[in-house]
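If you want the building blocks of each chain, they are given just below.
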Amino acid sequence: TNTSVLTLHATVGEADITNLKLGLVANITVDALQGTKMTGKVISLDPVATISQGVPVYGIDVAIDVPAQGVRAGMSGTANVILASKQGVLLVPNGAVRTIKGQRGVQVLKDGETVDTPATFGISNDTMTEVVSGLSEGDVVVIPQARASSSANPNQDQRRPAGGFRVGGG
């Protein structure tokens, strides 16, 4: 095994392969080295799908830029490929984004009251969404939090405002 260049081999679904291209940067974690983060670049994408458990998947190889001490060939890990990034933007948690009267927005706490506030959103990841307009840094966004349903109607979806989340840059 040539270990001078360590490569993470993974598979992605057909919905994701169209967004990937050679040279994209990825954040890499290795299961055995908890808390260790590395970066890498996409170096190959399979042109043809293989079928895994009845679903078409495509192979992707991500070369690790500088392997962390302790990384060994054969270890399992995860590569999160960065499709887009911006700096100096306002961010809100994805759970705060909602549809309000047919328009996307958030609830903001103003003078002790929850106010529906339309907003325009940009790029997002698994946890956060960019706010393009409609909010200002320092606004307190209310994040709905699920709570246990009452025994009177256990199937009813009940939500209540949780603590506020101050809008911040990222």
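Residues numbered from 1 in each chain as written. Predicted model: local features only at pLDDT ≥ 70, side-chain atom pairs only at ≥ 80, totals over all residues. Heavy atoms only, no water.

**Quick notes on the overall build of the chain**
As a reminder, the rule being used: Under the DSSP-based scheme used, a helix requires at least four consecutive residues in state H or I and a strand at least two consecutive residues in state E, with every element numbered from the N terminus. Think of it in three bands: residues with accessible area under 20% of the maximum for their type are buried, residues over 50% are exposed, and the middle band is partly exposed, with areas taken using a 1.4 Å probe on protein chains only. Residue contacts are counted whenever heavy atoms from the two residues lie within 4.5 Å of one another. Here the accessible surface of atoms and residues is derived via Shrake-Rupley with a 1.4 Å probe, and residues count as covered only by protein chains that are part of the display.
Assigned secondary structure in the chain consists of one helix and 15 strands. Burial statistics for the chain: of 170 residues in total, 28% are counted as buried. Taking contacts inside the chain between residues at least 6 apart in sequence as the whole, the part at least 24 apart equals 59%. Split by element, the accessible area of the chain, about 11000 Å² in all, is 48% carbon and sulfur.

**As for the pairing of strand 7 (residues 90–93)**
Heads up, the condition is: A pair of strands is labelled paired if DSSP reports no fewer than 2 bridges between them.
With burial as the criterion, each face of strand 7 is covered, one bearing L90 and V92 and the other bearing L91 and P93. As paired strands, strand 7 and strand 12 (residues 128–133) are joined by four bridges and run antiparallel to one another. The residue of strand 12 that forms the bridge with L91 is E130.

**Some words on the environment of G40**
Structurally, the position occupied by G40 is in strand 3 (residues 37–45). Overall, G40 belongs to the buried group, its relative accessible area being 0%. Between the C-alpha atoms of G40 and L24, which are 16 residues apart in sequence, the distance is 8.4 Å. In contact with G40, other than residues within four places in its own chain, are L24, V25, A26, I28, V62, A63, I64 and D65.

**Regarding the pairing of strand 12**
One ladder, built from three bridges, connects strand 11 (residues 120–124) with strand 12; its direction is antiparallel. Within the sheet, the bridge partner assigned to T120 lies in strand 12 and is S133. Hairpin connection from strand 11 to strand 12: three residues lie between these consecutive antiparallel strands.

**Describing the confidence of the model for the chain**
Inclusion rule: Per residue, pLDDT measures the predictor's confidence, with a range of 0 to 100.
Averaged over every residue, the pLDDT of the chain is 84; the share at 70 or more is 84%. Put simply, strand 14 (residues 159–166) is where the chain has its lowest mean pLDDT, 41, and strand 3 is where it has its highest, 95.

**What to know about the side chain of T129**
The test is simple: Polar contact criterion, stated in full: a pair of N or O atoms within 3.5 Å, where within protein one must be able to donate a hydrogen and the other to accept it, and residues adjacent in sequence count only if both atoms are side-chain atoms.
Here T129 shows up in strand 12. Of the polar contacts made by the side chain of T129, one reaches the side chain of N94; its length is 2.4 Å. Non-local contacts of T129, meaning those with residues more than four positions away in its chain, are made with L90, L91, V92, N94, V97, F121, G122, I123 and S124.

**Quick look at the nonpolar core**
Applicable threshold: Residues enter a nonpolar core if they are buried and are Ala, Val, Leu, Ile, Met, Phe, Trp, Tyr or Cys, with the set joined through side-chain atoms within 4.5 Å.
If you look at the biggest cluster of nonpolar residues, it comprises 17 residues, and the most contacted ones within it are V12, L20, M38, I60, V62 and V71. Among the elements that line this core, the one with the most residues is strand 5 (residues 55–64), at four residues. Those residues in contact with V71 that lie beyond four places of it in its chain are L6, V30, L33 and M38. Counting eleven residues, the second-largest nonpolar core is a separate cluster that includes L90, A119, L135 and V141.

**Structural notes on the pattern of salt bridges**
As a reminder, the rule being used: Salt bridge, as applied in this entry: a Lys or Arg side-chain nitrogen positioned within 4 Å of an Asp or Glu carboxyl oxygen.
Per the counting criterion, the structure on display carries two salt bridges. The residue K86 makes a salt bridge to E130 at a minimum N-O spacing of 3.3 Å. Residue K86 is located in the loop between strand 6 (77–81) and strand 7, and its partner E130 is located in strand 12; the two are separated by 44 residues in the primary sequence.

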